[in-house]
Amino acid sequence: MVVFPVPFHCAGVVGDRGGGAVHEVHESIPLSPLLRRSTAALCVVLGIVMVIVCGFAAIVERDPAGYVGAVLSAILSFGLAAYMWKVCVIITTDAERVTIALSPGLRQVFRWDEVVSATPVHIGMGSGIGYRMTGPGMRAILASPGDGVRFRLHDGREISVATDRRDELIELARRRAPDLQ
């Protein structure tokens, strides 16, 4: 078993998850600090604007629905800001599978024996931040653009992830995936 030392900025677990299966954590990649602050600030500012607009409409129209809209706008915007503050990509591997998660949220799980190739790629900003479906069966999961790995699977799916430890992940794939090209 290989465990990569990683300073965690987000949730991550190394250890027994029941049944004696120890998982290796490859990397936890948070959003860049500038992007995290700017997206959280944008959510808060939009929330404040919506609260003011809904509150003003409630006062002028004397409609209690405006107050409900103001409260819901505040909850939604601050909840989205909190989500953007915590979002990160966590790459977890064990002897049988790879999990690439946009945490908290979506994830892709595949077995090492499904991997046909693991190739180095550069994922640019055009791919966007987060979980992207870039074509039929093609996924990109990233917290910040840069060097990454594209896994091609037997069923034709391609899963790309940006990681600073691209070479280590490719080397791990070479050792674990029996059909790697």
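It should be noted that the structure appears before, not after, this text.
Since the model is a prediction, treat every value here as computed from it, not as a measurement.

Enquirer: Could you clarify how one ought to interpret the environment of T93 in this entry?
Expert: With respect to the helices and strands, T93 occurs in strand 2 (residues 88-93). You can call T93 buried: its relative accessible area is 1%. Residues T93 and A173, 80 residues apart in the sequence, show an inter-C-alpha distance of 9.9 Å.

Enquirer: Help me understand the nonpolar core in this model?
Expert: A general tendency of soluble globular proteins is for nonpolar side chains to be buried together. By size, the foremost hydrophobic cluster in this structure holds 23 residues, and its most contacted members are V89, I100, F110, W112, V115, I141 and F151. If you list the elements that add at least two residues to this core, you get strand 2, strand 3 (97-103), strand 5 (115-123), strand 8 (146-153), strand 9 (158-162) and helix 3 (166-176). In contact with W112, other than residues within four places in its own chain, are T93, D94, A95, E96, R97, V98, F151, L172, A173, R176, A177 and P178. Of all hydrophobic cores here, the second largest spans 5 residues; its members include V121, I123, L142 and A162.

Enquirer: How should the side chain of S117 be read in this particular structure?
Expert: Tracing the sequence through the fold places S117 in strand 5. Using a relative accessible area of 6% as the deciding quantity, one classes S117 as buried. If sequence neighbours within four positions are ignored, S117 has contacts with R150, F151, R152 and L180.

Enquirer: Explanation requested: the pattern of salt bridges in the structure shown.
Expert: Note on pairing: side chains with opposite charge can pair once their charged atoms come close. Inspection of every chain in the model, using the stated rule, returns 11 salt bridges. Across the salt bridge formed by E96 and R97, the nearest N and O atoms sit 3.8 Å from each other. Residue classification places R97 among the partly exposed positions, given a relative accessible area of 31%. In this structure, the salt-bridge partner of R152 is E158, at a minimum N-O distance of 2.4 Å. A network of salt bridges, in which partner residues are shared, links D94, E96, R97, R111 and D113.

Rules behind the numbers
- Residues numbered from 1 in each chain as written.
- Predicted model: local features only at pLDDT ≥ 70, side-chain atom pairs only at ≥ 80, totals over all residues.
- Heavy atoms only, no water.
- Helix = DSSP H or I, 4+ residues; strand = E, 2+ residues; numbered from the N terminus.
- Buried < 20%, exposed > 50% of the residue type's maximum accessible area, 1.4 Å probe, protein only.
- Core = buried A, V, L, I, M, F, W, Y, C linked by side-chain atoms within 4.5 Å.
- Contact = heavy atoms within 4.5 Å.
- Salt bridge = Lys/Arg side-chain N within 4 Å of Asp/Glu carboxyl O.

Keep in mind that these numbers describe shape and distance, not what the molecule does.
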